[in-house]
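What follows is the residue order along each chain.
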Amino acid sequence: MPAAALALHGVSVRFGALRAVDGVSLTLEEGERRAVIGPNGAGKTTLFNAISGAILPSEGRVEIGGRDATRASPQERARRGVGRTFQITNLFPELTVAENMRLALRGRGAAKWFFWRADTLDAHGREAVAAALASARMEGRDAARVRDLSYGEQRQLELAMALVQRPRLLLLDEPAAGLSPVERGLVAAIVRALPRDLSMVLIEHDMDLALGLVDRVTVMHEGRVLVEAAPAEIRGDARVQEVYLGTPHRVLAAAC
Amino acid sequence: MTAAASAAAGVLALALLPFALSAFHVGVATEILIFALLAMSIDVLAGFAGRTPLCHGAIFGTSTYVVILSAHAIPLPLAMLAGIGAAGLLALLFGVIAVRTSGVYFLLLTLALGLIVWGVCLRWTAVTGGENGVRGDLRQGWLADARALYWLVLAAGTVLAAAMWRLVRSPFGLTLRGIKDSPTRMQALGHDVARHLLLAFVASGLFAGAAGALYALYNDFVSPTTVALPQSVEGLLMAIAGGVGTLFGALAGAALLIGLELFVSAWTERWPTVLGLTAILLMIVAPEGLVGKAGAIMGSRRSTGGIR
Ligand SMILES: Nc1ncnc2c1ncn2[C@@H]1O[C@H](COP(=O)(O)OP(=O)(O)O)[C@@H](O)[C@H]1O
Ligand SMILES: [Mg+2]
């Protein structure tokens, strides 16, 4: 049996007295697509930070591709094939789309150290960038400065930058947050068209959007895993309904 | 290749300048070139990596000290290499300490490191001569001629400026600009932010050291003033006056400040006051610097290409 793409063993992240992530264990098989859903503040983004290395867990173990990565730096994990997008757009606003893509493309290679050459790509690199921009439906925007892009385009660029790195494990933190229904459909189509051998974790508030895109669903609540099940079972699950609907409706309103 | 053509025209114009100037003013022009190099080395960090250093005067002056002191024992070209090497080592040490900080912490940390160098040069009298400084014996033979020295500095400066241009316009330079915009995103993409900044710091220190070695030839004397804080501040102000992130704007900044100092000192002793007022005036009328302002007026984005 091949090693799991990602395995979390009792991972906790504490901020002072708050356990933002509280003893989360999960296994993501190679090529699996997983949604992590749950109300605002459930700890989803913090869990991503623990997986990508932006935060070190207070307890527990993180394994990526069968190798321990609990203490590895973010850049080391990126080089091991972990790609991510950010819930709050985190791009290089003063640079152009093409420059953002070059930074993403070179993140895992050696070319970022070349100080004696012009800042251009070889044919291979140009092709990779064009392909990633095309899968994110961002063709023809190379010369635009990122700060001049629409919000929707910035979300698409986030995806393109993650894709051009050819990650083995892709973490998408609410890629459709704040988008119009049409744009959300576009993001869903982009996610659906991702290569099948790519392992992916998708954080998404919108259950309807998330359930159509994944093989399995993990529901988080107050830092813990509430339920892990196939999409078809999630909607009918009483505990999930309670988290999403039962308890004060404000929770749901805040989540959407 | 219009950029290369205009650069060549600029260098040619600078090369012809001594024929129009007195020997004294050729000296001033030499000083402007040297300080433009210092300001450019500062701009590599301030304009492209988003880290504003206040220790480059100390790195520059350390090279000057090493050149003047070692030239008593070894041939001048070797002494200059030793000066540049010392500057690189000092920058490596400073960089190791400073690159994990940013913003005002970086500014203050590099300021403190620079002050230590100044303190050492002031107190280590046996070697540095303390407050009295050390006189060199470098301007021998053809170097005694002001115009010859100017051309030497111009030739070396052209090579150094081209190297800095290559650096900031390379994949390495783009990585620096990415770090300036968002270090966390750079890490998530696999970039080694601290190591990158360290290399940039050392490169910038080597360029400042090269400027300091040329200053040893020009001044033939070094004292703690050369490594003192005002030196770092003036270098930074020149970079800002020219336009942070424009690299070559440093030349305009150096010409403005050194020219102004020369002009003002004819009728007042209060150069620091005038410098301060000039800096304030610049912040108001041209916060993007002379070259940045000129670029904006001409509606071109090229001049500010460094930060875009
Ligand atoms: N850096 C931080 N410092 C302190 N508290 C944090 C930090 N990041 C997140 N939290 C808290 O941790 C909890 C989980 O946050 P988060 O992971 O962003 O939730 P989600 O992504 O599910 O909405 C929230 O209560 C949030 O306020
Ligand atoms: Mg979140």
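Residues numbered from 1 in each chain as written. Chains lettered and ligands numbered in written order. Predicted model: local features only at pLDDT ≥ 70, side-chain atom pairs only at ≥ 80, totals over all residues. Heavy atoms only, no water.

### Focus on the pairing of strand E7 (residues 169-173) of chain A
Residues and elements named next belong to chain A. As a reminder of what qualifies: A 1.4 Å probe rolled over the protein chains alone gives each residue an accessible area, and that area as a share of the maximum for its type sets the label: buried under 20%, exposed over 50%, partly exposed in between. Numbering goes from the N terminus for both helices and strands, where a helix is a DSSP run of H or I of at least four residues and a strand is a run of E of at least two. For two strands to be treated as a pair, DSSP must find no fewer than two bridges joining them. For a crossover, the right-handed case is the one in which the path from the first strand over the helix to the second runs clockwise, viewed with the strands pointing away from the viewer.
Summarising burial for E7: five of the five residues are buried, a large majority. By the bridge criterion, three bridges tie strand E6 (residues 82-84) to E7 in an arrangement that is parallel. By the bridge assignment for E7, Val 82 is matched with Leu 169. As judged from the five bridges shared by E7 and strand E8 (residues 199-203), these two strands associate in the parallel manner. Bridged to Leu 169 within E8 is Ser 199. Crossover connection from E7 via helix H6 (residues 181-192) to parallel E8: handedness right-handed.

### A word on the confidence of the model for chain A
This is how it is decided: pLDDT measures how confident the predictor is about each residue, on a scale from 0 to 100. In what follows, a contact means two residues having at least one pair of non-hydrogen atoms within 4.5 Å.
Residues of chain A with pLDDT of at least 70 account for 95%, and the chain-wide mean is 90. Counting contacts from residues 248-256 of chain A, a segment whose pLDDT is below 50, to residues more than four positions away or on other chains yields eight contacts.

### Quick notes on unusual backbone geometry
Positioned with a positive phi, Glu 222 of chain A is a non-glycine residue whose angle comes to about 50 degrees. Looking at where Glu 222 of chain A falls in the secondary structure, it is placed in the loop between strand E9 (216-221) and strand E10 (224-229). Residue classification places Glu 222 of chain A among the exposed residues on the basis of a relative accessible area of 58%. Here Asp 220 of chain B, not a glycine, exhibits a phi torsion of approximately 55 degrees, which is positive. Among the secondary structure elements, Asp 220 of chain B is positioned in the loop between helix H10 (193-219) and strand E2 (221-222).

### Side note on the environment of Leu 217 of chain B
Residues and elements named next belong to chain B. Residue position: Leu 217 is located in helix H10. Residue class for Leu 217 comes out buried when judged on its relative accessible area of 1%. Spatially, the C-alpha atom of Leu 217 lies 13 Å from that of Phe 60, the residues being 157 residues apart in sequence. Residues contacting Leu 217, with those up to four places away along its chain left out, are Leu 76, Met 80, Leu 138, Arg 139, Leu 143, Leu 149 and Leu 152.

### Quick look at the domain arrangement of chain A
All names here are of chain A. Selection criterion: Throughout the structure description, domain borders are defined by an automatic or database domain assignment. Each of two parts loses accessible area, computed with a 1.4 Å probe, when they are put together; buried area is these two losses added. Here, a salt bridge means any side-chain nitrogen of Lys or Arg that lies within 4 Å of a carboxyl oxygen of Asp or Glu. As used in this structure description, the phrase polar contact means that two N or O atoms lie within 3.5 Å; if the pair is within protein, one of them must be able to donate a hydrogen and the other to accept it, and residues adjacent in sequence are counted only when both atoms belong to side chains. Polarity classes work like this: nonpolar for Ala, Val, Leu, Ile, Met, Phe, Trp, Tyr, Cys and Pro, charged for Asp, Glu, Lys and Arg, and polar for all others, with Gly in that last group.
One can read the domain layout of chain A as domain 1 (1-81 + 167-256) and domain 2 (95-166). Computed over C-alpha atoms only, the centres of domain 1 and domain 2 are separated by 26 Å. Each partner contributes to the interface: domain 1 provides 20 residues, whereas domain 2 provides 15 residues. For domain 1, the biggest contributors to the area lost against domain 2 are Arg 79, Pro 167 and Ile 190; these three give 38% of the whole. At the boundary of domain 1 and domain 2, one finds zero salt bridges. Counting across the domain 1 and domain 2 interface gives five residue pairs in polar contact (both at pLDDT 80 or more). Put simply, the parts of the chain that give the side of domain 1 that touches domain 2 at least two residues each are helix H2 (74-79), E7 and H6. Each residue belonging to the side of domain 1 that touches domain 2 can be placed in one class, and the counts come to 12 nonpolar, two polar and six charged.

### Considerations on the layout of surface pockets
Residues and elements named next belong to chain A. Stated precisely, the cut-off is as follows: Of the grid points, spaced at 1 Å and generated over the protein atoms alone, those admitting a 1.4 Å probe that cannot get out make up cavities, while open sets with protein on both sides within 12 Å along at least five of seven lines make up pockets; any residue with an atom within 4 Å of a point is treated as lining. Grid points are joined across faces, edges and corners, and a volume is the space filled by probe spheres set on the points.
Of the volumes computed, that of the second largest pocket is approximately 730 Å³. As for the second largest pocket, its lining consists of 30 residues, and the residues nearest its centre are Leu 105, Ala 128, Leu 163, Val 164 and Arg 166. Broken down by secondary-structure element, the contributors of at least two residues to the lining of the second largest pocket are helix H3 (97-106), helix H4 (123-135) and helix H5 (151-164). Among the elements that line the lining of the second largest pocket, the one with the most residues is H4, at seven residues. The residue inventory of the lining of the second largest pocket, partitioned by class, reads 17 nonpolar, five polar and eight charged. If you count residues domain by domain, the lining of the second largest pocket takes at least three from each of domain 1 (1-81 + 167-256) and domain 2 (95-166).

### A short note on the packing of H5 of chain A against H6 of chain A
All names here are of chain A. For clarity, the cut-off: As a rule, the C-alpha atoms of each element are fitted with a line to give its axis, helices using only the stretch in contact, and angles between N-to-C directions run from 0 to 180 degrees. Here the angle decides the label: under 35 degrees means roughly parallel, over 145 means roughly antiparallel, 65 to 115 means roughly perpendicular, and every other value means oblique.
Between H5 and H6, the least distance of the axes is 11 Å, while the angle of their chain directions is 10 degrees. In terms of axis orientation, H5 runs roughly parallel to H6. Residues Gly 152, Gln 156 and Leu 159 of H5 touch H6, and the partners they reach there are Glu 183, Leu 186, Val 187 and Ile 190. Partitioned by chemical class, the residues of the contact of H5 with H6 number four nonpolar, two polar and one charged.

### Side note on empty space enclosed by the protein
One pass over the full model with this rule turns up two cavities of 30 Å³ or more. Forming the boundary of the largest cavity are Leu 237, Ile 240, Ala 241, Leu 257, Leu 275, Thr 278, Ala 279, Leu 282 and Met 283 of chain B. Here the lining of the largest cavity gets five residues from one element, more than from any other, and that element is helix H14 (residues 271-285) of chain B. Tallied by class, residues from the lining of the largest cavity come to eight nonpolar, one polar and no charged. Counted as a void, the second largest cavity has a volume near 40 Å³. Together, Ser 52, Pro 74, Arg 77, Ala 78, Val 82, Gly 83 and Arg 84 of chain A together with Ala 188 of chain B line the second largest cavity. Class assignment for the residues of the lining of the second largest cavity results in four nonpolar, two polar and two charged.

### Considering the packing of helix H2 (residues 23-49) of chain B against helix H8 (residues 171-181) of chain B
Residues and elements named next belong to chain B. Two elements in contact, H2 and H8, have axes whose closest approach is 8 Å; the angle formed by their N-to-C orientations is 55 degrees. The angle between H2 and H8 falls in the class oblique. Judged by residue contacts, Gly 47, Phe 48 and Ala 49 of H2 engage Leu 176, Arg 177 and Lys 180 from H8.

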